[in-house]
Amino acid sequence: MLDAAIIGAVLASVVAAATTLLLASLGELVAERAGTLNLGVEGMMIVGAAVGYVTAYGSGSLLLGTLAAVLAGMALSLVFAVLAIWLATNQVASGLATTILGLGLAGLIGASFVGTQLAGAPQLHIAGLTELPILGKALFGQDAFVYVSFLLLAAVAYTLTRTRIGLVLRAVGENHAAAHALGHPVRGIRTLAVMFGGGCAGLAGAHLSLAYTPFWAADMTAGRGWIALALVVFSAWRPLWLLGGAYLFGAVSILQLHVQGFGLGIPSQFLSALPYLATIIALVVISALKHGRGAPASLGVPFVPDR
Amino acid sequence: MRKILSMAVAIAAGFALAGGAPAQAAEKLKAAWVYVGPVGDFGWSYQHDQGRKAVEKHFGDKVETTFVENVDEGPDAERVIEQLARAGNKLIFTTSFGFMEPTLKVAKRHPNVFFEHATGFKRAKNVSTYNAKFHEGRYVLGQIAAKTSKTGTIGYIASFPIPEVIAGINSLMLGAQSVNPNMKIKIVWVNSWFDPAKEADAAKALIDQGADVISQHTDSPAAMQAAEARDVMAFGQASDMIKFGPDSQLTAIVDDWAPYYIERVQAALDGTWTSTDTWGGMKDGEVVMAPYTNMPDEVKKMAETTQAAITSGALNPFKGPIYKQDGTLMVKEGEVLADKDILSMNWYVKGIDDKVPGQ
């Protein structure tokens, strides 16, 4: 029952499913490494999905739609940044408010587009490579969002660990008082990090409404923003682990559908709970293995300069 | 999160309605709808809202309607319904199974307000219940699938293992078996009513495993879109989804609540409203089939004949003999399954090679 064609199809679906999560969580990881916990991912994602769809539908250009989605995610994250960073409000409350605002706004923006659809983002096709058995479609037959997610991941991993900008960003997240004393603009850096997170969330939303299921429906993110938040913790704030986490989540969510289709009689409720079970297990393992590399020390603490 | 949102909306709606009630508006009948999802889901809540819009159109100035969307099932619903009752609504439709207890509680405190609860089974003096026999439509789908499928395998995307969904699977399978006794079905539960990406994944998984006709009991058009992209056939759900599958949609089961809503609002206006239990089907115009498309004429003819037979009552999808998976006779020859047994169905018919989840 398991032939190469099915395995290849499963792998291709896993890559697509993981990409949304990877994009959204990558942005949040950067925001959190700079010390800001933004629970507004779900809201920024859905606004990205709505604005991206509406723009692409109106202009006929998927690229324009994607850009608009990124900008929309950034704009909403800026609202959060003003509240949580510049007015030093409670980050959890501000983040939740951002999600609620985003869900409402997106519903409003997309209201008159319910029941329409677009031709989705095209998939890569390289003669000879895409037809390769098993890995061909997964590696060489995806839409642009997938390849962008890999580029972004590499850029973030490199910047965080190998550049001065990354060092400063991490310093701001670990000890904002010290970074401030050294003359770094803590709130400015945090704002930029949060905006990067908003842009990534908007891009993840566009992946849903322009490529994955190219139509608009209210609440179409269906909680993926929250999974992205969990993944950041799951990855212990490390980009490469994040890649592993996103693909693990993607794999379990696709495989459970296939297992059901084969009629093996495993309860579907159990299968649906598997990704979350995996998160809990990973959290336990991470905390047991802690090499002193947990959350950024200043995460969630508002910074108010004394002079 | 949702709770805060819907509460705020309910309170705002309460103020808005209570504020704008001059003496002459008293002649207008105020009716309100409570939805579990967003009106933009293009599925369950969307169709209820189409019904509400039909009421507005039909009655014009005589009726004033309002709605609250995204209401969580549970204690939150009680606050929303209470607000709507206090705001002067005389007829309140609560459109999800989980609103049953909250509706009854609020109804007790407002004996002069009429309540209508969809898909529930508990009634009171001022609480009616209503639902539609969607499984009637699924029997027709099963027949079409058996005629159209080349692989002999139907893919079914299911939401939650509740009687309504299980009855739908059984009815579809009985329809399929009436044409081809060897039809196979693959069932995937997504444990959600609405998650477009997951519904699309489920459709792709079923297609990868050899299903070439996709049926769904979830609310978004994602599965139809996936079927169109992969060149297999599919059935729409709740709404006519032909735009999402111009070359794939065979037909769709469309929930049309408009006739029922108009009838009930009329009764409230006339003062003839009483507590009733309505389970309408094809003959009441509540279960409507979208045009039969993308199929040969002979299949279309068969579908139309079956639909006419169900509408006239000549054919009942759950007519005996019906056997359970293990071969137990559940419905004897010449008998039909009673409504109460359909509403509590928790077993698969013979020929389904799978288990009901959790059993």
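Residues numbered from 1 in each chain as written. Chains lettered and ligands numbered in written order. Predicted model: local features only at pLDDT ≥ 70, side-chain atom pairs only at ≥ 80, totals over all residues. Heavy atoms only, no water.

Chemist: Lay out the overall build of chain A in plain terms, naming residues and giving numbers.
Modeler: Counting secondary structure elements, chain A contains 12 helices and 0 strands. Helices and strands in chain A line up, N terminus first, as α-α-α-α-α-α-α-α-α-α-α-α. The C-alpha radius of gyration computed for chain A amounts to 20 Å, which stays within 12% of the reference 19 Å derived for 307 residues, consistent with globular compactness. The burial tally for chain A puts 53% of its 307 residues in the buried class. Contacts in chain A between residues at least 24 apart in sequence constitute 78% of all its contacts with a sequence separation of at least 6. Carbon and sulfur atoms provide 74% of the accessible area of chain A, an area that totals close to 12400 Å². Positive and negative side-chain charges of chain A, numbering 12 and 9 respectively, have mean locations separated by a distance of 15 Å. (Helix = DSSP H or I, 4+ residues; strand = E, 2+ residues; numbered from the N terminus. Rg over C-alpha atoms; globule rule 2.2 N^0.38 Å. Buried < 20%, exposed > 50% of the residue type's maximum accessible area, 1.4 Å probe, protein only. Contact = heavy atoms within 4.5 Å. Areas by Shrake-Rupley, 256 points an atom, 1.4 Å probe, with all protein chains shown as cover. Lys, Arg positive; Asp, Glu negative; His and termini not counted. Charge placed at Lys NZ, Arg CZ, Asp CG, Glu CD.)

Chemist: Please set out the pattern of salt bridges residue by residue, giving values where relevant.
Modeler: Pairing is possible between side chains that carry opposite charge, provided their charged atoms lie close to one another. Residue and element names in this part refer to chain B. As enumerated under the stated definition, the model contains 14 salt bridges over all chains in all. Of the charged contacts, one joins E56 and R52 as a salt bridge, the two residues approaching to 3.9 Å between their closest N and O atoms. Residue E56 and its partner R52 are both found in helix α2 (residues 44-59); the two are separated by 4 residues, about one turn of the helix. Taking the shortest distance from any N to any O, the salt bridge between R86 and E82 comes out at 2.9 Å. With R86 and E82 both in helix α3 (residues 75-86), this residue pair falls 4 residues apart, about one helical turn. (Salt bridge = Lys/Arg side-chain N within 4 Å of Asp/Glu carboxyl O.)

Chemist: Provide a residue-level description of helix α10 (residues 224-234) of chain A, including the pertinent values.
Modeler: Most of α10 of chain A is tucked away, with 8 of its 11 residues classed as buried. Structurally, α10 of chain A contributes buried residues whose contacts are with α1 (4-33), α2 (41-59), α9 (186-212), α11 (239-261) and α12 (268-289) of chain A together with α7 (196-208) of chain B.

Chemist: Give a description of the nonpolar core that names residues and reports values.
Modeler: If you look at the biggest cluster of nonpolar residues, it comprises 97 residues, and the most contacted ones within it are V41, M45, F145, W216 and L231 of chain A together with I157 and I214 of chain B. Of the residues forming this core, the biggest block, 14 residues, is contributed by α1 of chain A. In contact with L231 of chain A, not counting residues within four places along its chain, are L21, S25, L242, G245, A246 and F249 of chain A. (Core = buried A, V, L, I, M, F, W, Y, C linked by side-chain atoms within 4.5 Å.)

Chemist: Any details on the side chain of T103 of chain B? Residues and values, ideally.
Modeler: Considering the arrangement of structural elements, one finds T103 of chain B in helix α4 (residues 100-109). Look past the residues within four positions of T103 of chain B in its chain and what remains in contact with it is I81, T94, F115, H117 and V127 of chain B.

Chemist: I'd like to hear about the interface of chain B and chain A, residue by residue, with values.
Modeler: Taken together, the contact pairs 38 residues of chain B with 37 residues of chain A. Surface buried jointly by chain B and chain A totals about 3100 Å² across both partners, of which 59% is contributed by carbon and sulfur atoms. Between the two partners, chain B and chain A, sit 1 salt bridge. Here R224 of chain A and D195 of chain B are joined by a salt bridge, their closest N and O atoms 3.0 Å apart. The interface formed by chain B and chain A contains 11 residue pairs in polar contact (both at pLDDT 80 or more). Those elements that place two or more of their residues in the side of chain B that touches chain A are α1 (2-19), β7 (184-189), α7 and α8 (222-229) of chain B. At 9 residues, the largest contribution of residues to the side of chain B that touches chain A is made by α7 of chain B. Its residues placed into classes, the side of chain B that touches chain A shows 21 nonpolar, 7 polar and 10 charged. (Buried area = accessible area lost by both parts, 1.4 Å probe. Polar contact = N/O pair within 3.5 Å; in protein donor to acceptor, adjacent residues only side chain to side chain. Nonpolar A, V, L, I, M, F, W, Y, C, P; charged D, E, K, R; others polar.)

Chemist: So what's going on with a nonpolar patch on the surface? Residues and values would help.
Modeler: On the surface, L78, V79, V82, L83, W86, L87, L101, L105, L108 and I109 of chain A cluster together to form a nonpolar patch covering roughly 850 Å² of accessible area. Top element by residues in the nonpolar patch is helix α3 (residues 62-86) of chain A. It accounts for 5 residues. (Patch = residues over 30% accessible without salt bridge, like charges linked within 9 Å, V, L, I, M, F, W, Y side chains within 5 Å.)

Chemist: Go over the domain arrangement of chain B, please, and point to the residues and values.
Modeler: All names here are of chain B. Its domain assignment divides chain B into domain 1 (2-132) and domain 2 (134-255 + 286-342). Of note, the centres of domain 1 and domain 2, computed from C-alpha atoms alone, are 31 Å apart. Between domain 1 and domain 2, the buried area comes to about 970 Å², and carbon and sulfur atoms account for 58% of it. The largest share of the area that domain 1 buries against domain 2 comes from F42, Q47 and A132, three residues that together contribute 58% of it. Our enumeration of links across domain 1 and domain 2 arrives at 0 salt bridges. Between domain 1 and domain 2 we count 4 residue pairs in polar contact (both at pLDDT 80 or more) in total. The set of elements that each furnish at least two residues to the side of domain 1 that touches domain 2 consists of α2 and β5 (127-132). Of the residues forming the side of domain 1 that touches domain 2, the biggest block, 3 residues, is contributed by α2. Looking at side-chain class alone, the side of domain 1 that touches domain 2 contains 4 nonpolar, 3 polar and 1 charged residues. (Domains from an automatic or database assignment.)

Chemist: Give me the lowdown on the sheet that holds strand β3 (residues 91-94) of chain B, citing residues and values where you can.
Modeler: Hydrogen bonds between backbone groups are what pair the strands of a sheet, and the pairing can be parallel or antiparallel. Residues and elements named next belong to chain B. Pairing in this open sheet of 6 strands is parallel, and the strands run β2-β1-β3-β4-β5-β11 from one edge to the other. Strand pairing shows two members of the sheet lacking a second neighbour, β2 (63-68) and β11 (277-280), which therefore form its edges. Put simply, the sheet's adjacent strands are angled 15° from each other on average, direction ignored. Pairing of strand β1 (residues 29-34) with β2, which is carried by 6 bridges, proceeds in the parallel orientation. Following the sheet pairing, A31 is matched in β2 by T65. (Pairing = 2+ DSSP bridges. Axes fitted to C-alpha atoms, helices over the stretch in contact; angles between N-to-C directions.)

Chemist: Can you break down the packing of helix α5 (residues 134-148) of chain B against helix α6 (residues 163-179) of chain B residue by residue, with the values?
Modeler: Residue and element names in this part refer to chain B. At a minimum axis distance of 7 Å, the contact between α5 and α6 shows a crossing angle of 40°. By the angle between their directions, the pair α5 and α6 is classed as oblique. The crossing of α5 and α6 is right-handed. Contacts between α5 and α6 involve F134, H135, R138, Y139, L141, G142, Q143, A146 and K147 from the former and E164, A167, G168, S171, L172, L174, G175, A176, S178 and V179 from the latter. Among the residues making up the contact of α5 with α6, the classes are represented as 9 nonpolar, 7 polar and 3 charged. (Parallel < 35°, antiparallel > 145°, perpendicular 65-115°, else oblique. Left-handed = near helix turned anticlockwise from the far one by under 90°.)

Chemist: Let's hear about unusual backbone geometry: which residues, and what values?
Modeler: A cis amide bond links G320 of chain B with the next residue in sequence, P321 of chain B, at an omega value of 0°. Within the secondary structure, P321 of chain B sits in the loop between α10 (297-312) and β13 (322-323). Positive phi, close to 55°, is recorded for A236 of chain A, a residue that is not glycine. Relative to the helices and strands, A236 of chain A resides in the loop between α10 and α11.

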